[in-house]
Amino acid sequence: MKFKNFPMVKMVVYGRGCFDQTADIIKPHRKGDYPFIYIVDDVFKDKQELIGRVPLSGTDKIVFASAADEPKTKQVDAIANELKDTYGEVSGVIGIGGGSMLDLAKAVSLMMTNPGSSADYQGWDLVKVPGAYHVGIPTLSGTGAEVSRTTVLTGPERKLGMNSDYTPFDQIVLDPELIKNAPKNQRFYTGMDCYIHCVESLTGTYLNTFSQSYGEKANELCEEIFLEKNEWDDDSDDKLMMASFHGGMSIAYSQVGVAHALSYGLSFLLGTKHGIGNCIVFDHLEEFYPDGVKKFKEMVDKHEIYIPKGICADLTDAQFEKMIDVAMFLEPLWENALGKNWRETITRKKLREMYELM
């Protein structure tokens, strides 16, 4: 039997206020006069309480990027090409924001050293050269992007990650103070991404004790903060940040499942953000995850969260077919959810019926 030999984040710092240690952490990795590039969610553009603390030095630069849409291959290529044209190379790439910014930073780092377009690397183990030194600093928690070996991108043909041993961050900075003021709905959607990771991992055919140990802890934390606690406080932020870490690790040695496969189709065609897309899909998956969906609905009701309905109501046959193409391509996700004979259950007709529910 051959076991997967996968990479983990090399260095982790956790604690309230640890963001202020960033300068000391990255200093040994500075290469001459080459800059550190900070890719930052543009929601912080006018918020000096965060931007004023970014430790710029020399030719270091902040690149603001929008998280209104999830990262696209053309966006990654544009940023990487501009950096290469301007500086030749960089000391490192540092992502500050939610999962989209972290994925964008990982992808730009890889494209600083690999030829061609990032679309060439959408798949499994296609990246052959280590990227630039890269650091992840989350300001939202739940996606697990801070620890995953993928960077999810929408390309010209599909939504698919650059899944490789070179994708994980060299360093992550986990400071719960940075997620304190996240909008309620956004916090819930990304938190549910973590919860859904757990459900899909813990019920999947790829499950093993390694994944189970992380998944069970993440699930326990999610249920505590979204079902048992009656108010959101600093303790909630602390626990959500660690739930995200554990949830991301739970799928490192397993996989996600039905919700993620279907939400990729929504994202590719409609631009639906990952967290809310998972929620839209998971709301209809009692057939596959009855216990998980029951608790999810309780969390939605408790926190008074709106889950959009009818987003597929006016789609054409061609649009449905494209979403089905995207979802069907994600074979490891279906195999984890349903086993090697998943095609006996998941047909194009079945997927059309499922998308029509949304």
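Below is a short write-up of the structure. All figures in this text were calculated on a predicted structure; none of them were measured in a lab.

A short note on the nonpolar core
Line of reasoning, step 1. One finds Leu262, Phe282 and Leu285 to be the most contacted residues of the largest nonpolar core, which totals 56 residues.
Line of reasoning, step 2. Element by element, the count of residues in this core is highest for helix H5 (residues 184–202), at 8 residues.
Line of reasoning, step 3. If we ignore the near neighbours within four places in the chain, the residues touching Leu262 are Val281, Leu285, Ala327, Trp334, Leu351, Met354, Tyr355 and Met358.
Line of reasoning, step 4. Core analysis: the next-biggest nonpolar cluster, separate from the first, contains 38 residues, Met101, Ala105, Ile179 and Met241 among them.

Focus: unusual backbone geometry
Line of reasoning, step 1. Of note, the phi angle at Asp125 is positive, near 60°, even though the residue is not glycine.
Line of reasoning, step 2. Tracing the backbone through its elements, the reader meets Asp125 in the loop between strand E5 (123–124) and strand E6 (134–138).
Line of reasoning, step 3. Phi is positive for Glu304, close to 55°, though the residue is something other than glycine.
Line of reasoning, step 4. Here Glu304 is to be found in the loop between helix H10 (290–303) and helix H11 (317–328).
Line of reasoning, step 5. Since its relative accessible area comes to 64%, Glu304 is described here as exposed.

Considerations on the sheet that holds E5
Line of reasoning, step 1. Taken in spatial order, the 3 strands of this open sheet run E5-E8-E7, and their pairing is mixed. The open sheet has two edge strands, E5 and strand E7 (152–154), and neither has a second partner.
Line of reasoning, step 2. Inspection of the sheet shows E7 paired to strand E8 (residues 159–163) by 3 bridges, in the antiparallel sense. Directly across from Thr154, in E8, lies its bridge partner Lys159.

Here's the deal with the packing of H5 against helix H8 (residues 258–270)
Line of reasoning, step 1. At a minimum axis distance of 9 Å, the contact between H5 and H8 shows a crossing angle of 130°. The angle between H5 and H8 places the two elements in the oblique class. Across from Asp193, Ile196, His197 and Glu200 in H5, the residues of H8 making contact are Val258, Ala259 and His260.
Line of reasoning, step 2. A class-by-class count of the residues in the contact of H5 with H8 yields 3 nonpolar, 2 polar and 2 charged.

Re the packing of aromatic side chains
Line of reasoning, step 1. Taken as a whole and assessed by the stated rule, the structure comprises 11 aromatic pairs.
Line of reasoning, step 2. Aromatic pair Phe188 and Phe226: ring centres 5.6 Å apart, planes at 85°, arrangement edge-to-face. In this pair, Phe188 sits in helix H5 while Phe226 sits in helix H6 (residues 209–228), placing the two residues 38 residues apart along the sequence.
Line of reasoning, step 3. The class of Phe188 is buried, set by a relative accessible area of 1%.
Line of reasoning, step 4. Clustering of aromatic rings is evident, with ring pairs tying together Phe6, Phe210, Tyr214 and Tyr253.
Line of reasoning, step 5. Positioned over the ring face of Tyr264 is Lys159, at 4.6 Å from the centre of the ring.
Line of reasoning, step 6. Across the ring face of Trp232, the terminal group of Arg187 is positioned such that the distance to the ring centre comes to 3.9 Å.

Structural notes on the pairing of E8
Line of reasoning, step 1. The element E8 is largely enclosed, with a buried count of 5 among its 5 residues.
Line of reasoning, step 2. Across 2 bridges, E5 lies against E8 in parallel orientation. Counterpart to Gly123 in the pairing with E8 is Met162.
Line of reasoning, step 3. Linking two consecutive strands that pair antiparallel, namely E7 and E8, is a turn of 4 residues.

Focus on helix H7 (residues 234–250)
Line of reasoning, step 1. Here H7 spans 24 Å end to end across 17 residues, near enough to the 24 Å set by a 1.5 Å rise per residue.
Line of reasoning, step 2. Extensive coverage of H7 is indicated by the burial of 12 of its 17 residues.
Line of reasoning, step 3. Among all positions of H7, only Ser236, Asp237, Leu240, Met241, Ala243, Ser244, Phe245, His246, Gly247, Gly248, Met249 and Ser250 are buried.
Line of reasoning, step 4. Those residues of H7 that are buried are in contact with strand E1 (11–14), E6, strand E9 (171–174), H5 and H6.

Things to note about the side chain of Ser164
Line of reasoning, step 1. The topology assignment puts Ser164 in the loop between E8 and E9.
Line of reasoning, step 2. Among the polar contacts made by the side chain of Ser164, one reaches the main-chain amide nitrogen of Tyr166 at a distance of 3.1 Å.
Line of reasoning, step 3. Not counting the four nearest positions on each side in its chain, Ser164 is found in contact with Asp125, Val127 and Arg149.

Looking at the pattern of salt bridges
Line of reasoning, step 1. Taken as a whole and assessed by the stated rule, the structure comprises 30 salt bridges.
Line of reasoning, step 2. Across the pair Glu82 and Lys61 runs a salt bridge whose closest N-O atoms are separated by 3.9 Å. Here the residue Glu82 occupies a position in helix H3 (residues 73–87), and Lys61 occupies one in strand E3 (residues 61–65), the gap between them amounting to 21 residues.
Line of reasoning, step 3. Where Glu223 meets Lys295, a salt bridge forms, and the shortest distance between an N and an O atom there is 3.0 Å. Of this pair, Glu223 sits in helix H6 while Lys295 sits in helix H10, and the two are 72 residues apart along the sequence.
Line of reasoning, step 4. The exposure class assigned to Glu223 is buried, which follows from its relative accessible area of 16%.
Line of reasoning, step 5. Within the structure, one salt-bridge network assembled from shared partners comprises Glu224, Lys229, Asp233, Asp235 and Lys239.

The rules behind the values
- Residues numbered from 1 in each chain as written.
- Predicted model: local features only at pLDDT ≥ 70, side-chain atom pairs only at ≥ 80, totals over all residues.
- Heavy atoms only, no water.
- Core = buried A, V, L, I, M, F, W, Y, C linked by side-chain atoms within 4.5 Å.
- Buried < 20%, exposed > 50% of the residue type's maximum accessible area, 1.4 Å probe, protein only.
- Helix = DSSP H or I, 4+ residues; strand = E, 2+ residues; numbered from the N terminus.
- Contact = heavy atoms within 4.5 Å.
- Pairing = 2+ DSSP bridges.
- Axes fitted to C-alpha atoms, helices over the stretch in contact; angles between N-to-C directions.
- Parallel < 35°, antiparallel > 145°, perpendicular 65-115°, else oblique.
- Nonpolar A, V, L, I, M, F, W, Y, C, P; charged D, E, K, R; others polar.
- Phe/Tyr/Trp six-rings, centres within 6.5 Å; stacked < 30°, edge-to-face > 60°.
- Lys NZ or Arg CZ within 6 Å of the ring centre and 35° of its normal.
- Expected span 1.5 Å × (residues − 1).
- Polar contact = N/O pair within 3.5 Å; in protein donor to acceptor, adjacent residues only side chain to side chain.
- Salt bridge = Lys/Arg side-chain N within 4 Å of Asp/Glu carboxyl O.

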